[in-house]
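Residue-level listing of the chains:
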There are 2 protein chains.
Amino acid sequence: MLRSSKGGVQNWLESEAEKEKKRKEEEEEEDEGLEGAQQMGLEAGAGGGGEAEPTSSDGERRGDEQRRSSAAAVVLALLLSSSSLLSLFLLYTMKEEIEKLWEEVRDLSLGTTTAGVERLHSPPTPLQFLRHFVSPNKPCLISNATLHWPATTLWSSSDAHLLRSLSSATVSLHLTPTGRADSLSPHPSIPSSLCFASASISSMPFPLALQSIYSSDLDSNFVAYAQQQNDCFRSEYSALAEDCESHIPWATEALGCFPEAVNLWIGNHLSETSFHKDHYENLYAVVTGEKHFLLLPPTDVHRMYIRNYPAAHYSYHKDTGEFKLELEDPVRYVPWCSVDPYPSPENKEREMSKFPLYFDGPKPFEVTVKAGEILYLPSMWFHHVRQSPDSRGRTIAVNYWYDMQFDIKYAYFNFLQSIPHPSSHGLTPHEMGFVGSSSDTSICYSGDEPDINAMERVKCD
Amino acid sequence: MLRSSKGGVQNWLESEAEKEKKRKEEEEEEDEGLEGAQQMGLEAGAGGGGEAEPTSSDGERRGDEQRRSSAAAVVLALLLSSSSLLSLFLLYTMKEEIEKLWEEVRDLSLGTTTAGVERLHSPPTPLQFLRHFVSPNKPCLISNATLHWPATTLWSSSDAHLLRSLSSATVSLHLTPTGRADSLSPHPSIPSSLCFASASISSMPFPLALQSIYSSDLDSNFVAYAQQQNDCFRSEYSALAEDCESHIPWATEALGCFPEAVNLWIGNHLSETSFHKDHYENLYAVVTGEKHFLLLPPTDVHRMYIRNYPAAHYSYHKDTGEFKLELEDPVRYVPWCSVDPYPSPENKEREMSKFPLYFDGPKPFEVTVKAGEILYLPSMWFHHVRQSPDSRGRTIAVNYWYDMQFDIKYAYFNFLQSIPHPSSHGLTPHEMGFVGSSSDTSICYSGDEPDINAMERVKCD
């Protein structure tokens, strides 16, 4: 009974059989044509946006290549009979896949190092900022971003305005013998080893702090940097509140919250910040002078050789004008990036052989932020910062830390970090058995897996 | 000379020495207090948004736990001396870390299955949609989303409007004996094995197509589903253009482009779509009837047991009213999810033991989309769809496919997929050596690593 109710359809289908067959053949021809066009990257874009995003065929192609090489790797696994070879195979797979990830994130989203960080000639709309930069975790440099701030003229022409506004302010000054605070230094009692050295912090009237910055000098082992990453612009420097915006309007609207902290930085060319990451979305505005950033995406975590280092602090002895570096007691370990991207000429060869994943891998993104510009430094990106002074010898910047979302990207990052890359974990090709006999394969972890997330507790710019 | 220029500072520092010491002690006490508060989750939120996002201390804590257990795992590695144990250790590490990822993405971002998919009682603003759902790759269900569409009344009360508007339209009808198109079926010549079966597609006048849907019946092995994922709403069904919006305005503004394809679906409770993912941001609007989705995030890819299956097609023989399933010649393999979340009672035990990562892991998110509601189904999410008909026996829906961004999330997904999970790759605990002697450890891949990205070429709802 039920089947007979389909009679009309069946009759129609029968009469249409020939037409259908012909149509199908034509469709197949068309499909082949379309597929060919897609393979040539000729897929038509969507109507409206005209954005330069990779088409899905790009994604497919890239995925296809990746899967094919994975398939080859799995076939290889079938050929491996001993556990020793299996270990090598697994280590090799992890190494290969981690290195593919470095490439893929650049190919698909970030672009090449030579093309550099994307530059916008005026601030983006909140939607553009969220869609093209925050969501894909991609940096950008924004010109003409802060020209309307009174600070742009008031702070750069002379010190008069700063000294007048802050005549009675007490500020935090970070003192080191080298300009490198929160960075690796020779261990005070084991010179062949390293520790994580923090600055000596002094609170003092702003005019004295500024005088100290001007008198900073490497020959006399004294470098001062006025900064404190505790929302200092809205506390110690609250007298300057009218000179800058209290938040970045388009970022606040995009991110749906006001900044968690706003920090002021006054230093000169002697201060340098070592590679690290922050768990914040960072809007970094330079008011005078220049900041030079090296940037690596979070996918490149193994290239930073994060290790645990014993925490140490400088103390400044006013009588001798000298610094003493002392370990914390009891010992506390800080996970920190091991790579110095600018080793001294005499150390260069050694550093390059110690950290091949950094020095031999894709170059970091280099970006110089000038007065009036804002860098969007996405959460979890590794960054190293140097600076050039203005004609008066100062670099002044304000940065805005917005809460990041701990979403699927963060979960993926933690997963990636948990997968060992042999070279990043102290396994040389020889130790992995790729060189010489495979029978001497050994695993050699360099110590406890670092608690990389603790890095944010020591906050830097 | 240079050092003497610091005289003022040094003098001041000396006179401030006592005060400073006291201040430092106080600061340390304060810091401890703050740290304690943070550990208790009492960290103050940012001023403006008041959003219920995890605080950075949540993220830290979660990361800390993860790192600690990683550290324990690495210490274990030092104790392992043989390559056999090393293989086991590496496999076990990968298994553990993949399973931690499933948990972490739920803890941090998605919420629990019991709490379910977030529901919005009216459409979000473009910024809210982008910030809270697209960027974190998180689904949501939006009520009161399409009540202003003429379709809401015109299509649901009777067939009159559809039949009148489409009286001369030719539409694509998908025919199967089971209601399962683009899903796994017994292999036509090796019944113990499976193939990937596609529907028989017929073009016919809309009135006949609708009649076929009404006459669908499992007892007579005939199920019809009017659909074609080639932008059919704007081509075959263009006569209905005025009844629905041509795009979803807040999604278009958020994503910065118009939909790549808009598809119409007319079927009933007999049609079911097997687990798969699409490389699109999907806005799924139900006009009449209900759709029942099971959703798994892309982090759970190993739980889908994606394997290559030989492609086959149904052909419908009008004279006998029967279907024939034939393999493509030459054979072509389609990577597809192996899991049927609703196995028949007689198969249930076998299916559960074959796919423990799915059946024993976190439950999928279940969401029912009713008339007037829109589901945001994020790109790369695995989804399984069933439907309930309205009082006239039909389920009608329109879905909008927007281009996704191939960004860092996509690169991370490809990386995750390349890391083997022993259970997902056909290694039983025994084969891994966790049960019985470790000397019989063997690796047993189930075939070529699937080209999962090819899945999108066979598009489903």
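Our structure is the block above this text.
Since we're looking at a predicted model, the values are computed, not measured. Going along each chain's sequence as written, the residues are numbered from 1 onward. As they are written, the chains are lettered A onward and the ligands numbered 1 onward, keeping that order. Note on the predicted model: pLDDT of at least 70 is required for a residue's local features to be given, and 80 or more for side-chain atom pairs to be given and counted; whole-chain, interface and lining totals, by contrast, use all residues. Derived side-chain values reflect all non-hydrogen atoms in the structure, with water molecules and hydrogen atoms excluded from consideration.

> Go over the packing of aromatic side chains, please, and point to the residues and values.
Centres within 6.5 Å are what make two rings of Phe, Tyr or Trp a pair, Trp counting through its six-membered ring; a difference in plane orientation under 30 degrees is then read as stacked, over 60 as edge-to-face, and the rest as tilted. The tally for this structure, following the rule as stated, stands at 40 aromatic pairs over all chains. Ring centres of Tyr358 of chain A and Phe359 of chain A lie 4.9 Å apart, and the angle between their planes is 90°; this geometry places the pair in the edge-to-face category. For each residue, the accessible area found with a 1.4 Å probe, counting protein chains only, is set against the maximum for its type, and the residue is called buried under 20%, exposed over 50%, and partly exposed in between. Classification of Phe359 of chain A by relative accessible area gives buried; the value is 14%. Ring centres of Phe222 of chain B and Phe323 of chain B lie 6.4 Å apart, and the angle between their planes is 35°; this geometry places the pair in the tilted category. With Phe222 of chain B in the loop between helix 7 (206–214) and strand 8 (223–227) and Phe323 of chain B in strand 14 (residues 322–327), this residue pair connects regions lying 101 residues apart in the sequence. Classification of Phe222 of chain B as buried rests on a relative accessible area of 1%. Each helix is a run of DSSP H or I of at least 4 residues and each strand a run of E of at least 2, with the numbering of both proceeding from the N terminus.

> Explain the sheet that holds strand 18 (residues 382–388) of chain A residue by residue, including any values.
All names here are of chain A. Only strands joined by at least two bridges in the DSSP assignment are considered to pair. If you walk across this open sheet you meet the five strands as 4-10-18-12-16, and the pairing is mixed. Each edge of the sheet is formed by a strand with only one pairing partner; in this case those strands are strand 4 (180–181) and strand 16 (365–370). Bridge analysis of strand 10 (residues 272–276) against strand 18 gives two bridges, and the strand direction is antiparallel. Paired with His276 across the two strands is His383, which belongs to strand 18.

> Give me the lowdown on unusual backbone geometry, citing residues and values where you can.
Looking along the chain, the bond that leaves Asp329 of chain A and enters Pro330 of chain A is cis, with omega of 5°. Its place among the elements puts Pro330 of chain A in the loop between strand 14 (322–327) and strand 15 (333–337). Positive phi is not limited to glycine here, since Asp231 of chain A has a value of about 70°. As for its placement among the helices and strands, Asp231 of chain A is situated in the loop between strand 8 (223–227) and helix 8 (249–255). A relative accessible area of 19% places Asp231 of chain A in the buried class. One non-glycine residue, Asn221 of chain B, lies in positive phi territory at about 50°.

> Could you give an account of the environment of Asn221 of chain B, with specific residues and numbers?
Residues and elements named next belong to chain B. With respect to the helices, strands and loops of the structure, Asn221 is situated in the loop between helix 7 and strand 8. You can call Asn221 partly exposed: its relative accessible area is 42%. In this structure, the C-alpha to C-alpha distance between Asn221 and Arg119, residues 102 residues apart in sequence, is 38 Å. Residue contacts follow a heavy-atom distance rule, with two residues in contact if any of their heavy atoms lie within 4.5 Å. Once you skip the residues sitting within four places of it in the chain, Asn221 turns out to touch Thr176, Pro177 and Phe323.

> Break down the environment of Gln228 of chain A for me, citing the residues and quoting the values.
Residues and elements named next belong to chain A. Inspection of the secondary structure assignment puts Gln228 in the loop between strand 8 and helix 8. Accessibility expressed as a relative area gives 16% for Gln228, which makes it buried. Here the alpha-carbon distance between Gln228 and Trp265, two residues 37 residues apart in the chain, equals 7.9 Å. Once you skip the residues sitting within four places of it in the chain, Gln228 turns out to touch Ser172, His174, Ile201, Glu236, Asn263 and Leu264. Under this definition, polar contacts are N or O atom pairs within 3.5 Å; protein pairs additionally need one hydrogen-donor-capable and one acceptor-capable atom, and for neighbouring residues in sequence, both atoms have to be side-chain atoms. Reaching out from Gln228, the side chain makes a polar contact with the side chain of His174 at a distance of 2.6 Å.

> Account for the side chain of Glu351 of chain A, with residues named and values stated.
By the secondary structure assignment, Glu351 of chain A is in helix 9 (residues 345–354). Those residues in contact with Glu351 of chain A that sit more than four places away from it in its chain are Asp340, Pro343 and Phe359 of chain A.

> Pulling in residues and values, what's your account of the pattern of salt bridges?
Residue and element names in this part refer to chain B. Any Lys or Arg side-chain nitrogen found within 4 Å of a carboxyl oxygen on Asp or Glu counts as a salt bridge. Enumeration according to the criterion identifies 34 salt bridges over all chains in this entry. Residue Arg180 is joined to Glu272 by a salt bridge in which the shortest nitrogen-to-oxygen separation is 3.7 Å. Of this pair, Arg180 sits in strand 4 (residues 180–181) while Glu272 sits in strand 10 (residues 272–276), and the two are 92 residues apart along the sequence. Residue class for Glu272 comes out buried when judged on its relative accessible area of 18%.

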